[in-house]
Amino acid sequence: MATLEIDCPVCAEVLELSDEDRADLHPGDVIVCDSCHAEMEVTRNGGGEDFELELLGILTVCPACGEEFDVTEDLLAASPTVTGPDGEPSVSVVTCPHCRARIELEFEEEEGENPPDLRS
């Protein structure tokens, strides 16, 4: 049985899909990374290596109200970023959709990390 290995676009964790797993997946279905909880939509599922995913968001928890919400590319694009002393963007400031708290999102690139580090 062949296994397709796909790197998560957020944490680089390897997602393994067997032929049996892929037979159940259709365009529009969503896969969630076990490591960082990033959500990815199946956009193409042909034979062999003909498989594509599109990042939808990262499920995280607001430190102010404790509610879960998705950090999507659209949310990040609309959010201001705070630059560090070296002039590089270091955190994004997002608003919790539940309690409206302003949250600083810092993405860590260490393997095996949980969802983004949040500070309110």
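Refer to the structure presented above.
These lines cover the structure that appears in this document, whether it is placed above or below. Bear in mind that the values here come from a model prediction, so they are computed numbers and not experimental data. (Residues numbered from 1 in each chain as written. Predicted model: local features only at pLDDT ≥ 70, side-chain atom pairs only at ≥ 80, totals over all residues. Heavy atoms only, no water.)

## Some points on the sheet that holds strand E4 (residues 38-45)
Hydrogen bonds between backbone atoms are what pair the strands of a sheet, whose relative direction is either parallel or antiparallel. If you walk across this open sheet you meet the four strands as E3-E4-E5-E6, and the pairing is antiparallel. Bordering the open sheet on either side are strand E3 (30-32) and strand E6 (68-71), each of which pairs with just one other strand. Sheet twist, expressed as the average angle between the axes of neighbouring strands with direction ignored, equals 35°. Relative to strand E5 (residues 51-61), E4 runs antiparallel, the two being bridged by seven bridges. (Pairing = 2+ DSSP bridges. Helix = DSSP H or I, 4+ residues; strand = E, 2+ residues; numbered from the N terminus. Axes fitted to C-alpha atoms, helices over the stretch in contact; angles between N-to-C directions.)

## Re the pairing of E4
Of the strand pairs in this sheet, E3 and E4 are connected by three bridges, and their pairing is antiparallel. Within E4, the residue paired with Val32 across the bridge is Glu39. In sequence, E4 turns back onto E5 through a hairpin of five residues, with Gly48 there showing a positive phi of about 60°.

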